[in-house]
Every structure is written in C-alpha cells, then in structure tokens.
Amino acid sequence: MNEKKAWWKEAVIYQIYPRSFADSNGDGIGDIPGITAHLPYLKDLGIDVIWLSPVYKSPNDDNGYDISDYRDIMDEFGTMADFDEMLAKAHQLGLKIVMDLVVNHTSDEHAWFVESRKSKDNPYRDYYIWKEGKNGGAPNNWQSAFSGSAWELDDATGMYYLHCFSKKQADLNWENPKVRDEVFDMMTWWCDKGIDGFRMDVISMISKDPAYPDGEVKDGIYGDFGPYVCNGPHVHEYLQEMNRRVLSRYDIMTVGEAVGVTIDEAKKYASNDGKELNMVFHFEHVDVDATSTPVLGKWGYEHPHLRPFREILNKWQLELEGIAWGSLYLDNHDQPRAVSRFGNDAPEWRVLSAKMLGTLIHMMKGTPYVYQGEELGMTNMVFRSKEDFRDIEEINAYRQYVEEHHMISSEEMLRCFSAVARDNARTPMQWDDSENAGFTTGTPWIPVNPNYTTINAKAAVNDPDSVFHYYQKLIRLRHENPIIVYGTFRPLLLESETVYAYERILDDQRLIVACNWTDQPQPCPVFDGTDAPDLISNYETHVAGQLQPYEARVVLV
Ligand code: GLC
Ligand code: CA
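Residues numbered from 1 in each chain as written. Chains lettered and ligands numbered in written order. Predicted model: local features only at pLDDT ≥ 70, side-chain atom pairs only at ≥ 80, totals over all residues. Heavy atoms only, no water.

Remarks on the overall build of the chain
Consideration 1: Of the regular secondary structure elements, the chain holds 18 helices and 22 strands.
Consideration 2: Against the 2.2 N^0.38 benchmark of 24 Å for 557 residues, the chain shows a C-alpha radius of gyration of 23 Å, consistent with a compact globule.
Consideration 3: When its C-alpha atoms are laid out on the principal axes, the chain stretches across 75 × 50 × 50 Å.
Consideration 4: Put simply, the chain has 557 residues, and 62% of those count as buried.
Consideration 5: In the chain, once contacts between residues fewer than 6 apart in sequence are set aside, the share between residues at least 24 apart is 71%.
Consideration 6: As presented, the chain carries roughly 20,600 Å² of accessible surface, and 49% of it is formed by carbon and sulfur atoms.
Consideration 7: Seen as two clouds, the 53 positive and the 88 negative side-chain charges of the chain have centres 3 Å apart. (Helix = DSSP H or I, 4+ residues; strand = E, 2+ residues; numbered from the N terminus. Rg over C-alpha atoms; globule rule 2.2 N^0.38 Å. Buried < 20%, exposed > 50% of the residue type's maximum accessible area, 1.4 Å probe, protein only. Contact = heavy atoms within 4.5 Å. Areas by Shrake-Rupley, 256 points an atom, 1.4 Å probe, with all protein chains shown as cover. Lys, Arg positive; Asp, Glu negative; His and termini not counted. Charge placed at Lys NZ, Arg CZ, Asp CG, Glu CD.)

And the structure:
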C-alpha cells in the first residue's frame, strides 16, 4: 500500500443541522442538549465524527451561517456549558466533533461590522470590503448567491459593502492581515477547547479578484461573480498561512467547502503534502441536474442521468489518486434529499434505492459524509405555498423571480422548490411516529415531513432490513476492510447507461461494486465467474448476469 494512513481517511462523518435535529425544551428549535441526548444513537450507527453546522451566536438570517460572535453559542441552541458537556460526552463515547468555520463573512451584527460601518476611518473599516458606487449604482453587477445585488449601500458613509450571500452576511477582507490574525486566534481558541476539526464554509471564496469586474449576465438581471470570487489569487497563500499558524499544531481534520473548485484546484487545496486542508467538497455531481435555463439557474431540475453523474465521480476518483484526498457525499443541508433526487422515493423503491445510493458512495475512495436522516432514507418535502418554506435563499428567489420580475409562476417555483430547495434537507429529523416526529413537544420551526409516521428512526432501528441497518453495515465494513479506505479505484462497465460499476484494488485483494440506477433489471456481467459471498447487498438472492431494480452488490475476491 502506498497511501499514507490517517484517522480522517478511515472515518465516517455524520453532519448535524442542529436547528432541525432534536429539540430538548419544547420551543420548536433543535438545540445542543437535544444533540447530547442522541449521541448514543450516533454511536450505534457507528460513525466516527460529527460535523456540526454552526452553533455560534447569530441573528439567524441564514440559520447560523451569519455569525455575530464566534466565541459564544446561539441563545436558542443553549450555552457554552451545554456545548462543553456535549463535547465531553461525545469524546467519552469515542466520537469526535468538527465545527463549521464560517469566515468568508460575518453577520452585519458582528461587533467588527458594527464598528466598520461607522466611518471611513474606523479602525475596523478594512475588516470588510467597501467600495464607492459607480454611475449612481453598485460598484459592479454581481448577483448575491441569495438573489439581488451582492452590494449594499450603507447610509452612514455612502459606500457599498460586498455580501456574496445575504446583505446580513458581510464579506470579510482577507487581504487585511488583522482579519487573518483575528480568525486564526479564534480558531486556536476552539482547538484549545478540544474540538476535532473544521468544515470550512465557502472557503474557496475568501480571496477576490482585486479588479472587481462585472460578471456575465445570465438571467437578464445580474452578473455572475463565480470566476472573480472562487479560487482567487491569494486563497492558497491564506490557507497555507492558516495551516502553519493553526492547523498543523493540532491533530484535527479539515474539509473545505470549495464552491467553484476544479480538480486542478482541489489538488492544491487537499494535496497530500498537507500544506493546506485534508480534503474539499466539490459540487460537480450535485450540479448535474441544474438545467441551463437562465431564469431557473440552480432552480432547474431533471432526474439525473447516470452517464454524466458517473463521468464526474469517476473523474474525481481517478484524478485525485495518489495526489489529494477526496470527500464523498450526496446529501447535506444545502441539497435536496438524495433518495428523492438520485434514487426513487416511491414507497416500493425508497428503501432499495436509498441503500443502492449508500453503497455507491460508501464503497468509493475518500471520506464519506452522512447527512442527518439520510441513514433513514428521509425524503424531500412538498412545498405547497409561501408559508411552507423558511430558507432565505428560497424567500429571496421567490421574491425576485415570481413577485418582482414575473419570470416564472408561483406554482412552477414551488415545484422547483419541492425538487431542489435547501429546506428539503431541513425539515425536522424524524425520530418516531409520535406528534411532530418526536422532534419537539412544541411547534416545530419548519413543518415536519408528513411521512414521519412510516419513515422514522425508531421504526428503522427496530427493522433489520431498514436503511439504518444497511448504513450501519456500510460503516462497519469500511472500518474492517482497509481496501475500502485505501484501495485504488478503477471504473468498470463504462458503456452501460444504467449500471454504475467499479472495482477497488489493494495488494492482492479486489472489491467489485455494482449498482443499478434504474427500476428495471439491467445486464451486469461483473460478477460472472466469481462465487465469493457478498460483502453487502440490498438483495438476498441474485440473478446471474443481471442486477435487479436498484440492486447494489459488493463482492470481495
Ligand atoms: C455555505 C453553507 C450554506 C450557507 C452559505 C453561506 O454554502 O453551506 O448553508 O448559506 O455557505 O454561508
Ligand atoms: Ca430548543
């Protein structure tokens, strides 16, 4: 074996979106004591690391991704004492905790920004990105990721500040060494507390093109900032400095959310030389269903075909080999539910296709991420009216496209939301079949998916054929078989339109994996001539030369 061993290469990560995980005090909002109470459930699932979406002090314009104090806990989630207790209990159980690090921007209510906006000569002025307007308007045509201009005019000084996300998320100016000092001090403070790593929010966006040029106009209204804010001129320099000053001093793991990352860039962010991060999330495979319709942009959708999806994942597997480490995911708090999107959430196929997708991802090379509820095969929601959604991205898109520019009907927009909106992932965790799915005794902050009476953790834990038990096994197999962690990836059956097959090679071992992407039987010769028993499969019996609907099968020879 030529791959260098590391605990974070062997780990399976479980992401918690605290607001929607478990409410301990009946206010309808998930919280830290709710997480602590469910740690044994996660231990039972077998995961190694919890990635916590932000729990810091925040006015919650973007559910905690707008931080007003990095060294305090959001009131609704509890106190620092609650946090310390959760961390200690997790460690007692052998679980690690990775924090979300949101440092591309802060809340406009952060003390730095409150100062910064006061005057042009305030000591905090250069903590943020301020520009004069142009031709009576914003400094350029960039659209924020949450619709509308990426610039906000601030009355106090008559200048604009940049916000790549909501106007309550002001972009920090990383060119200012004081900003870097502040961020690195804060990170050190958390590391000294004993946390086990960072997931770095939109970390590929911290260095902007200093020319701030107009972007390409795609929807007829605003320009695309992508090429000018992603993978900017100093991003690797800043991450190497972060690594030298903080990361390299602790035994922690790091994963960068790398919006706009290409494979060549990923090789730098996550290089085996260890100078920057351990791994990054790329978006190519989850952008595969976004249509090119300009009005719809990310809101377009179509059921993803296997070929383009497989081409993307294979390319990342092959090109990172031996150079950089990868991450594996289909679900997170920004994506619709994988079983609804890539599988089939009809009652007869939901469990089978969720297991198939889990197999496909968990047998690949890289560190797998499970998003809360994925292990239950939780599905998308149906959004029927404006009252049903909560996400600022949806609220703003609805306003811009439906109400202001009349580019799409309300019905069509709601159909798009039901397919791809982030709120699909944010409905409450379904614990049992009692009222509100056992998530809260109060009124949940966002409606519970009505299918909780059948899809819930209690039922899944009691059913040996559930998605939960299948995930438990996938995770255990990874822990027991070095080939699943370290084996080299080789694609198979590239001519198939319907079967995703590959093998992993380590020393004299060979792992063969095949997954049927469809609800029909499909030809699949990869197991012909082997009589080795299954390592795992979602079917008990097989048909020679075929895969049954949504069948997944893994064999070790
Ligand atoms: C990341 C987060 C997302 C958030 C955005 C702004 O993409 O995952 O939830 O809205 O950054 O912080
Ligand atoms: Ca609560």
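Some remarks on the packing of helix α6 (residues 177-193) against helix α8 (residues 235-245)
Consideration 1: The N-to-C vectors of α6 and α8 enclose an angle of 40°; their axes lie 10 Å apart at closest approach. The angle between the axes of α6 and α8 places the two elements in the oblique class. The two elements α6 and α8 cross, and the hand of that crossing is right-handed. Across the interface between the two elements, R180, D181, F184 and M187 of α6 pack against Y238, E241, M242 and R245 of α8. (Axes fitted to C-alpha atoms, helices over the stretch in contact; angles between N-to-C directions. Parallel < 35°, antiparallel > 145°, perpendicular 65-115°, else oblique. Left-handed = near helix turned anticlockwise from the far one by under 90°.)

With respect to the packing of aromatic side chains
Consideration 1: Taken as a whole and assessed by the stated rule, the structure comprises 37 aromatic pairs.
Consideration 2: Ring centres 5.1 Å apart and planes at 80° place the aromatic pair F21 and W431 in the edge-to-face group. Placement of F21 in the loop between β1 (13-16) and α2 (32-37) and of W431 in the loop between α15 (423-426) and α16 (457-462) is noted, with a sequence separation of 410 residues between them.
Consideration 3: The class of F21 is buried, set by a relative accessible area of 0%.
Consideration 4: Measuring from ring centre to ring centre gives 6.3 Å for W142 and Y228, while their planes differ by 5°; the resulting arrangement is stacked. With W142 in the loop between β7 (130-131) and β8 (151-154) and Y228 in helix α7 (residues 226-229), this pair connects stretches of sequence that are 86 residues apart.
Consideration 5: Through pairs of rings, three or more aromatic residues link up here, namely Y56, Y70, F83, W112, Y124, Y127, W189 and W190.
Consideration 6: Of note, K96 hangs over the ring of W7, and the distance from its end group to the ring centre comes to 4.4 Å.
Consideration 7: The lysine or arginine in question, R553, covers the ring of F527, its NZ or CZ lying 4.4 Å from the ring centre. (Phe/Tyr/Trp six-rings, centres within 6.5 Å; stacked < 30°, edge-to-face > 60°. Lys NZ or Arg CZ within 6 Å of the ring centre and 35° of its normal.)

Topic: the coordination of the calcium ion (ligand 2)
Geometry sets the ideal angles at a metal, namely 109.5 degrees for four tetrahedral donors and 90 or 180 degrees for six octahedral donors.
Consideration 1: Coordination of the calcium ion (ligand 2) by the protein is provided by D23 (OD), N25 (OD1), D27 (OD), I29 (O) and D31 (OD), with metal-donor distances spanning 2.2 to 2.4 Å.
Consideration 2: In the primary sequence, the donor residues of the calcium ion (ligand 2) line up as D-x1-N-x1-D-x1-I-x1-D.
Consideration 3: Exposure remark for N25: the relative accessible area of 52% places this residue in the exposed category. (Donors = N, O, S within 2.8 Å, 3.2 Å for Na, K, Ca; no water.)

Focus on the sheet that holds strand β5 (residues 96-101)
Consideration 1: With respect to topology, 8 strands assemble into an open sheet ordered β13-β12-β11-β5-β2-β1-β15-β14, the strand pairing being parallel. Each having just a single partner strand, β13 (279-281) and β14 (327-328) make up the two edges of the open sheet.
Consideration 2: Note: β14 against strand β15 (residues 367-371), 2 bridges, orientation parallel. Considered in β15, the bridge of L328 is made with P368. (Pairing = 2+ DSSP bridges.)

Some remarks on the site of ligand 1
Consideration 1: Near ligand 1 you find 14 residues, and of these D62, D201, E257, H333 and D334 are the closest.
Consideration 2: The side chain of R199 places a nitrogen or oxygen atom 3.0 Å from an oxygen atom of ligand 1.
Consideration 3: In this structure, H333 approaches ligand 1 through a side-chain N or O atom, which is 2.9 Å from an oxygen atom.
Consideration 4: Among the residues forming the shell around ligand 1, the class breakdown is 4 nonpolar, 3 polar and 7 charged.
Consideration 5: Lining the shell around ligand 1 are residues from two domains, each supplying at least three of them: domain 1 (13-106 + 178-383 + 424-475) and domain 2 (111-170). (Near = heavy atom within 4 Å. Polar contact = N/O pair within 3.5 Å; in protein donor to acceptor, adjacent residues only side chain to side chain. Nonpolar A, V, L, I, M, F, W, Y, C, P; charged D, E, K, R; others polar. Domains from an automatic or database assignment.)

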